[in-house]
Amino acid sequence: MSSRAWRSPCLLLAAPVLFFAAFFLAPLAVVALASITGGPDGLTLTPQQYLRVLGDQYHWDVILVTFRLAFFTTVACVVLGYPLAWYLVRVVRWRAWRRFCVILLVVPLFTSNIVRAFGWMVLLGRNGLVNQALVGAGVADRPVRFIGTELGILIGMVYVLLPFVVLAVGNALARVDPACEQASADLGASPAATFFHITWPLTLPGVVSGAIMVFTLAVSAYVTPALLSGGRVSVLSMLIFQQYSTVFDFHYGGALSMVLLVFTLILVALANRAAVLPGAAR
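Residues numbered from 1 in each chain as written. Predicted model: local features only at pLDDT ≥ 70, side-chain atom pairs only at ≥ 80, totals over all residues. Heavy atoms only, no water.

(A) Up close: the nonpolar core. Counting residues in each nonpolar core, the largest one holds 49 residues, and the members touching the most others are Cys77, Val169 and Leu256. The residues contacting Val169, other than those within four sequence positions of it, are Tyr82, Ala85, Gly206 and Val207. (Core = buried A, V, L, I, M, F, W, Y, C linked by side-chain atoms within 4.5 Å. Buried < 20%, exposed > 50% of the residue type's maximum accessible area, 1.4 Å probe, protein only. Contact = heavy atoms within 4.5 Å.)

Encoded structure:
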């Protein structure tokens, strides 16, 4: 192979690789280095920050809350997003209406998370529309406290992240050949059996990709939990922001950041492995 044949791809890849290294790998290395250094000069290698994070029950409680919120957000988005994607791909026949629904789904993504979080603060407030509807319908005797609870944060994050699952699952559903489902029905399979043995396995990659996107975004979310928590619920992203912007303890903040990153990567790898194993078994 001539030098010109391999030089062109290298030149094309140079710019994105340099951009990735400068704006992702280099900052990540700085944070990782800060997390394992300390002492009077700030340059002594020490595991003190990780012992501080992993040896304190408070931090484990915050980690549990963080990943619990991310897990339930992911589950709720998949449960709500799959039927919505099914409706857009399989039920809607009028293309104009389908495009309009997709636009309604995507347009909120162009709105700031701060604006949307403040909107939910108004809706979920003691005298907000949600409580007025619950009390008016007789579901609740008195206003329910949403602000400052995990439920309120969960509602806000599901609203923000639901489009990612709908788009991922919708794309997977659009790729499923209807002939496979028709063949299953012709062979006597019920609609439920066709779904669980044909449609669901074929759309599982889309579900997994959407769920991973939602989980990683939810576990690192800051604006929505910070505003809807009312100061009563803490997640790791809030602690990290506090250390970097208020306390200026970059070593402690770096350790918190690396713990969040490592735990997230482990859970994502396990989820991806669990999704691959059924396909490999077939």
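(B) Summary view of the side chain of Thr149. You can see Thr149 is positioned in the loop between α6 (129-136) and α7 (150-175). A polar side-chain atom of Thr149 sits 2.6 Å from the main-chain carbonyl oxygen of Phe146. Contact partners of Thr149, with chain neighbours within four places excluded, come to Leu228 and Val233. (Helix = DSSP H or I, 4+ residues; strand = E, 2+ residues; numbered from the N terminus. Polar contact = N/O pair within 3.5 Å; in protein donor to acceptor, adjacent residues only side chain to side chain.)

(C) Representation of the UniProt feature "domain: ABC transmembrane type-1" (unreviewed entry) in the chain in the model. UniProt feature "domain: ABC transmembrane type-1" (unreviewed entry): in the numbering of this structure it lies at residues 63-271. Strand forms 0% of residues 63-271 and helix 79%; the C-alpha atoms that close the span are 18 Å apart. (UniProt positions renumbered as here; feature names shortened; annotations may be inferred.)

(D) Examining the UniProt feature "transmembrane region" (unreviewed entry) in the chain more closely. The UniProt feature table records "transmembrane region" (unreviewed entry) at residues 58-88, 100-123, 151-174, 207-230 and 250-272. Secondary structure content for residues 151-174 is 100% helix and 0% strand, while the C-alpha to C-alpha distance between its ends is 33 Å.

(E) Seen up close, the pattern of salt bridges. Within this structure, the stated rule accounts for 3 salt bridges. Across the pair Asp249 and Arg52 runs a salt bridge, and its minimum N-O distance is 3.5 Å. Placement of the pair is Asp249 in the loop between α11 (236-247) and α12 (250-281) and Arg52 in helix α2 (residues 48-54), with a sequence separation of 197 residues. On the basis of relative accessibility, which here comes to 21%, the residue Asp249 falls in the partly exposed class. (Salt bridge = Lys/Arg side-chain N within 4 Å of Asp/Glu carboxyl O.)

(F) Up close: the domain arrangement of the chain. Assigned domains of the chain: these are domain 1 (1-45) and domain 2 (58-277). Placing a centre on the C-alpha atoms of domain 1 and another on those of domain 2 gives a separation of 31 Å. Every contact between the two is made by 8 residues of domain 1 and, on the other side, 8 residues of domain 2. Around 520 Å² of area is buried between domain 1 and domain 2 when both sides are counted, 74% of it from carbon and sulfur atoms. Taken together, domain 1 and domain 2 are joined by 0 salt bridges. Run the count over domain 1 and domain 2 and you get 2 residue pairs in polar contact (both at pLDDT 80 or more). (Domains from an automatic or database assignment. Buried area = accessible area lost by both parts, 1.4 Å probe.)

(G) Main features of the packing of helix α3 (residues 57-91) against helix α4 (residues 95-106). Between α3 and α4, whose axes approach to 9 Å, the crossing angle comes to 150°. Considering the angle they form, α3 stands roughly antiparallel to α4. Within the contact between the two elements, α3 uses Leu84, Tyr87, Leu88 and Val89 and α4 uses Trp97, Arg98, Cys101, Val102 and Leu105. Here the residues of the contact of α3 with α4 are counted per class, giving 8 nonpolar, no polar and 1 charged. (Axes fitted to C-alpha atoms, helices over the stretch in contact; angles between N-to-C directions. Parallel < 35°, antiparallel > 145°, perpendicular 65-115°, else oblique. Nonpolar A, V, L, I, M, F, W, Y, C, P; charged D, E, K, R; others polar.)

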